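Now for the letters of each chain:
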Amino acid sequence: MNKEEKKEFSSLPPSRPHRKGPMGGAEFLNVGEKPKHFSKTVKRLMNYLKPYRIGLLIFLILAVLSTAFAVLAPLVIGELVNVFFDGITAATEIGIKIDTRAVISLLTLLFILYALSSLFAYIQQYIMAIVTQKVISNLRVEVGSKLSRLQLKYYDTHTNGEIMSRILSDVDTINNTLQQGVGQLITSTATIAGILAIMLYLNPLLTLVCVFVLPVSAVLMKVIVRKSQPYFNRMQKDTADLNGFVEEIYAGHKIIKAFGREKRAMNDFEEINESLYEAGWKSQFLSGISMPILFTVQNIGYVIICIVGCLFVLAGSMNIGNVQSFILYSRQFTQPLTQISTVVNMIQSTIASAEHIFEMLDEEEEIPDQKEAAICLNPTGAVTFDHVMFGYEPDKPVITDLNLKISSGESVAIVGPTGAGKTTLLNLLLRFYEIDDGRILIDGIDIKEMKRKDLRGLFGMVLQTPWLFNGTIKENIAYGSENATDEEIIRAAKAAYADAFIQKLPNGYDTVINEEASNISEGQKQMLTIARAFLSDPAILLLDEATSNVDTLTEVCIKESMAKLMKGRTSFVIAHRLSTVKNSDLILVLNKGKIIEQGNHAELMEADGFYAMLYNSQFSSDNLDETFHQTEKEFLKRK
Amino acid sequence: MIKYLRPYIPMIAAAIVLVFLQCLTQLMLPDLMSKMVDNGIIGRDIDYIYKMGAYMLILTLFTMVFSTAANYFTSKSASGFAQDLRKDMFEKINSFSIKEVEKFGTSTLVTRTANDVSQIQTVIMMMLRVVVLSPLMFLGSFLLMLQKDVSLSLVVLSFLPLIGLFLYLVTRKIIPNIKKMQDRLDHLSRTLRERLTGVRVIRAFNKEETADRRYKEANEDLTEISLKVNKLAAFLFPGMMFLMNMATLAVLWFGGRQIESGDLSIGNLMAVIQYVTMIMMSAVMISFVFLLIPRAQVSVRRISEVLETKTTIRDPQNPADTDASQTKDTPAIEFKNVSFKYSDSEQEILKNISFTVAPGETVAVIGGTGSGKTTLVHLIPRFYDVCCGAVYVNGTDVRRILQTDLRQKIGFVPQTALLFSGTIAENIRYGKEEATEEEILKALETAQALDFVKEMENGIHSYISQGGTNVSGGQKQRLSIARAVVKRPEIYIFDDNFSALDYKTDANLRQALKSEMRGASAIIVAQRVSTIQNVSKIIVLKDGEIVGIGTDAQLRQNCGVYKKIAESQESTKTQETAESQENAEAVL
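Below, the structure is looked at part by part.

### What to know about the overall build of chain A
Reasoning step 1: Scanning chain A from N- to C-terminus turns up 21 helices and 10 strands.
Reasoning step 2: Scored against the burial criterion, the 639 residues of chain A give a buried share of 46%.
Reasoning step 3: Restricting the contact set of chain A to residue pairs at least 6 apart, pairs at least 24 apart contribute 79%.

### Considerations on the interface of chain A and chain B
Reasoning step 1: With 116 residues of chain A in contact, the opposing surface of chain B contributes 123 residues.
Reasoning step 2: Residue contributions to the side of chain A that touches chain B peak at 26 residues, all from helix H9 (residues 262–315) of chain A.
Reasoning step 3: Split by residue class, the side of chain A that touches chain B holds 65 nonpolar, 37 polar and 14 charged.

### What about the packing of H9 of chain A against helix H10 (residues 320–361) of chain A?
Residues and elements named next belong to chain A.
Reasoning step 1: Closest axis-to-axis distance for the H9/H10 pair is 10 Å, and the angle between their directions is 165°. In terms of their interaxial angle, H9 and H10 are classed as roughly antiparallel. H10 is crossed by H9, and the crossing has right-handed handedness. Judged by residue contacts, Leu294, Gln298, Gly301, Tyr302, Ile305, Gly309, Cys310 and Val313 of H9 engage Ile320, Val323, Phe326, Ile327, Ser330 and Thr334 from H10.

### A look at the environment of Phe498 of chain B
Residue and element names in this part refer to chain B.
Reasoning step 1: Its location among the elements puts Phe498 in the loop between strand S9 (491–495) and helix H17 (503–516).
Reasoning step 2: Residue classification places Phe498 among the buried residues on the basis of 24 C-beta atoms within 10 Å.
Reasoning step 3: Taking the C-alpha atoms as reference points, Phe498 and Arg510, separated by 12 residues in sequence, lie 9.3 Å from one another.
Reasoning step 4: The contacts of Phe498, once residues within four sequence positions are left out, are Asp506 and Thr531.

### Structural notes on the pairing of strand S1 (residues 333–340) of chain B
For a regular strand, the rule is simple: side chains alternate between the two faces of the sheet.
Reasoning step 1: The sheet contact formed by S1 of chain B and strand S2 (residues 350–357) of chain B spans 5 bridges and is antiparallel. The residue bridging Val338 of chain B from the neighbouring strand is Ile353 of chain B, located in S2 of chain B.

### Quick look at the sheet that holds strand S10 (residues 594–599) of chain A
All names here are of chain A.
Reasoning step 1: Strand order in the open sheet formed by 6 strands is S6-S7-S8-S3-S9-S10, with mixed pairing between adjacent strands. Each edge of the open sheet carries a strand with a single partner, namely strand S6 (459–462) and S10. Here the strands of the sheet are splayed against their neighbours by 15° on average, with no regard to which way each runs.
Reasoning step 2: Examined bridge by bridge, strand S7 (residues 540–544) and strand S8 (residues 570–574) share 5 bridges and lie parallel to one another.

### Some words on the sheet that holds strand S4 (residues 437–442) of chain A
All names here are of chain A.
Reasoning step 1: If you walk across this open sheet you meet the 4 strands as S2-S1-S4-S5, and the pairing is antiparallel. The sheet is open, and its two edges are formed by strand S2 (399–406) and strand S5 (445–446), each paired on a single side.
Reasoning step 2: With 5 bridges connecting them, strand S1 (residues 383–390) and S2 associate as antiparallel partners. What sits directly across from Val388, in S2, is Leu402.

### Quick look at the nonpolar core
Reasoning step 1: Among the nonpolar cores identified, the biggest contains 208 residues, and Ala482 and Ile493 of chain B are the most heavily contacted of them.
Reasoning step 2: With 17 residues, H9 of chain A is the largest single contributor of residues to this core.
Reasoning step 3: Residue contacts for Ile493 of chain B: discarding those within four places in its chain leaves Val377, Ile380, Ile410, Phe412, Val413 and Ile523 of chain B.
Reasoning step 4: One finds Ile174, Ile351, Leu430 and Val462 of chain A within the second-largest nonpolar core, a separate group that totals 107 residues.

### Thoughts on the pairing of strand S6 (residues 410–413) of chain B
All names here are of chain B.
Reasoning step 1: Neither face of S6 is exposed, since Ile410 and Phe412 on one face and Gly411 and Val413 on the opposite face are all buried.
Reasoning step 2: Direction of pairing for S6 relative to S9: parallel, over a ladder of 4 bridges. Note that in S9 the partner of Gly411 across the bridge is Tyr492.

### Description of helix H16 (residues 522–536) of chain A
Reasoning step 1: Taking 1.5 Å per residue as the helical rise, H16 of chain A with its 15 residues ought to reach 21 Å, and the 22 Å between its terminal C-alpha atoms agrees with that figure.
Reasoning step 2: Taken across its 15 residues, H16 of chain A has 14 buried, putting it largely inside the fold.

### A few points about the environment of Ala63 of chain A
All names here are of chain A.
Reasoning step 1: Within the fold, Ala63 resides in helix H3 (residues 53–89).
Reasoning step 2: On the basis of neighbour count, Ala63 is assigned to the buried category, with 25 C-beta atoms found within 10 Å.
Reasoning step 3: For the pair Ala63 and Ala190, spaced 127 residues apart in sequence, the C-alpha separation works out to 8.4 Å.
Reasoning step 4: Setting aside residues no more than four positions away along its own chain, Ala63 makes contact with Gln124, Gly183, Ile186, Thr187 and Ala190.

### Quick word on the packing of helix H7 (residues 204–251) of chain A against H9 of chain A
Residue and element names in this part refer to chain A.
Reasoning step 1: Contact geometry of H7 with H9 gives a least axis separation of 8 Å together with a crossing angle of 170°. When the interaxial angle is binned, H7 and H9 end up roughly antiparallel.
Reasoning step 2: Class assignment of the residues belonging to the contact of H7 with H9 gives a composition of 27 nonpolar, 12 polar and 6 charged.

### Details of unusual backbone geometry
Residue and element names in this part refer to chain A.
Reasoning step 1: The phi dihedral of Tyr497 falls on the positive side, at around 60°, and the residue is not glycine.
Reasoning step 2: In this fold, Tyr497 is placed in the loop between helix H14 (486–495) and helix H15 (499–504).
Reasoning step 3: Located in the positive-phi region is Asp608, a residue other than glycine, with phi close to 55°.
Reasoning step 4: Mapped onto the fold, Asp608 is located in the loop between helix H19 (601–607) and helix H20 (610–616).
Reasoning step 5: Given 10 C-beta atoms within 10 Å, Asp608 falls into the exposed group.

About the cut-offs
- Residues numbered from 1 in each chain as written.
- Chains lettered and ligands numbered in written order.
- Predicted model: local features only at pLDDT ≥ 70, side-chain atom pairs only at ≥ 80, totals over all residues.
- Helix = DSSP H or I, 4+ residues; strand = E, 2+ residues; numbered from the N terminus.
- Buried ≥ 20, exposed ≤ 12 C-beta atoms within 10 Å, placed from the backbone.
- Contact = placed C-beta atoms within 7 Å.
- Nonpolar A, V, L, I, M, F, W, Y, C, P; charged D, E, K, R; others polar.
- Axes fitted to C-alpha atoms, helices over the stretch in contact; angles between N-to-C directions.
- Parallel < 35°, antiparallel > 145°, perpendicular 65-115°, else oblique.
- Left-handed = near helix turned anticlockwise from the far one by under 90°.
- Pairing = 2+ DSSP bridges.
- Core = buried A, V, L, I, M, F, W, Y, C linked by C-beta atoms within 7 Å.
- Expected span 1.5 Å × (residues − 1).

Structure representation (structure tokens):
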């Protein structure tokens, strides 16, 4: 399906692109996208974790233990300082005598705490790596297999970029959160809880000083965020403007040159650039200010602890080691807090991502095939449309009561401008979309009763923008007919006039079509897809005529091979030139999704309707679209 | 790249000095604290404690002032740096010839101007904020620690190479795997894209299972490597922490013995423990630089590539006076033995082309795709330079004319119509900046665009969205013709612009153009033989060579390629077309 045709159905607006902040440093100030059904999505996400609950339980225990050990360490250091202090105060004439046994046992304890904390942290992260990668892999597989079952409607209403971002970026967001966020959340919470408990145990009053730092810094942060937000918004807007402007100017480079507009472009650019600079440095400055402010508040807390701590020591209500521990704890206190706030933001956007993925997983699927399906054994290609009704949207039928009887070997031409829904019949015949009412019969068998696989096997397709995959030419021709011998492949290529150019390629039939398929021309691609159709030898053909991308000589070749291909097969041709339509057995004229006229050339000319006017007006323009619109205007005038 | 930092050296220097001061004040806190403990507690002097406390508070405030001021300078210099760099990038790319733009590709140039520059900006910011701070912090803590106790400092110092070695070993294992992971992610995304673009073909050919299998394989590959990377990364942080904690442990052990021998006071030990944390943290930060630098390096390289590219098409030193050499008989355009190839390819796109266009003459160029038609007309406004031979405009080699002067003479209509976001009037004024509304309307009328423009809500002030998506292909084409017409140039270049129009519009357009173009020369690239039959000179190109020059009748006689093109087009037509064809023919 080519892009142009695809647009026909995309009534839904494209989703907001995922844009990362261009100035990475200040992301913590930006709140991510908010999910719609938070708890529901969380529950569903949990289901993916369920199979690994034992691993996760171990992870949780280890995380808490590792944190606990780390939190206990400063307490032990404090004890050590006390031992030293006691040694000094109990100093005799001989000198200071420190209780070495106490020191050794405390140091051993400290070593064990540190070692276990690190060991557990390692095991915990190791477990999480395994769980995360398994969950993520499963999720990707699930989304991937969903792609095979989705209705075609989904593809027509979503851009490729959108679907790609579901499967790649959204999954990746979940990946990052599981890998790092969850662990951080648990350890940070545990750290805060642990530190608080120990500090309270050491000295409730000093704890109060420490905790008082929190609301103060929270309020200050809030003020900064509020002040800098407008600059961030402006910076984002300016960045987008700059991007758009630059993109346009670079793409129009030739025009800029041809019309000597370099200076004007430079002036416009500098204007945007200056504005971006202003917004840029101000937002950076304001967000950068948060660090020194937090630091200062923290330092003030530190100073107060020192003073009050010393006073307590003098008053005898606290020992020096405890003051030391306290200082170490108060330093560790703020980091987990900032970490938690980042993780909370992270989790929010993760749930939003998960929601996107679940939405996709919940999309309607193709109706499963009937168990006892009919098989069309020797297809002749007779097609009947019996009172067919269809609409892409439930209340907007584009086909109301279509009745066609196409005998084996007949050709049907479909005429209409871009956006008229020319691909609708193709969509219905291949059961990419299901009809709302009526029946479509092939050789007397209702296509609904056939397996999709069998049904689609009856057709051959040549599309306007040929689709080739990253593989050899041979593989591309044999696509859909895997058992073909080399001889058969070459015979098909010859029939499609493709053999000559393939022979000229350095590796002949084994030439690999590169990713963008840029190593062969548009016309050659077209020929390859025709060869593909020859090889599959279908009963019914669906063809889309080549556009003016191809030069006239190649076009003649393509036309001839298409004619050869159509011989003896029922064919549906989306026509881009009226000249080719004339000899068809049946012509369908489409406009705005509806069939406005049908019949063969003589009948339609006789009827003297739209087709006759179209045919008589500006015949043989290369561009049917323009002609069609002109005729439409005149047709309405005549009425 | 350094060059761009130069104007900001005073600011950066100020920032560094401020960061240094901030560092000092920050470092003095544990020192004061140790004094507070040693003299205040042990000496039981409450006033001393208050005094030290007050000092500490003052220091804290200084720290804030210093770091805020430093932040002001870093923000300003990093943003200013980015602004300058962006400006130069834009200017440079603007000066590029078509060749250079094509060599890079538009999208990467956009990324380089916008994303890569801000990437570097971020890194500079980080450098100034964190990276400058860390070595200072490191050094400062170390000096102060030395002052407190030399042997303890040596103990701490001995841990640093250990930490360095550890980081080196782990990252050396991780980094190649991260690269591999990126490759496999790319592979997955390619597989996915292929699956999405081909969804109809895949379903029509019943190949969903194969497509799904390929995707699953790509996913497995990716999962395998990311598992490896994450398992390795799990080692990094705990290992680091362990080594740092061991340093503290060593300090406590040796510190205890120092105290015992009376060489160290309790307060100093407490200060040293705090310095150890600071030193270790700065060591981690410094290693962070090594992660940042490669990231910035890639961007720097991508930007330098652009800035270092020399424009191949430059203005002449002594431009010729274009009108001096011109006489009545001088051809408006002349190609003399012109050959052309793109620098990176062997194949010649144009071979030994010679022809002239007399003043006021219209010449048509016809040929299959890839025959070199577009390249040929691109040589006239000097989008490219020839390899051999020369292109003359009004008798002067185009390489001897200032580019702006040369292009001023030419009204160019490109093959794919390209409009800019802005109103229709603004777009037309690309041709002539000071064009009046009347002139614009006249140009639109000539280009057969007046009807549909009038139908639009705001007439010529209607807005064209980016890429011109809100007008049809044919309409875009006509607007781009109007843009050239408003210029009233001496030479018109039409690069296959009429095939998107229907015959009636085509005929009217040609009629209107004919009277508008009076006296001007024109060169028209065409697809349809029928539309150029009345032109006095047709040039037939095949594989970059002229295989025929002459009128329609002459070429039908003696040019096989022309005959083949003509026949292939006429065979599909029926008699009914004759009428409309005549219309079109009559005009030219």
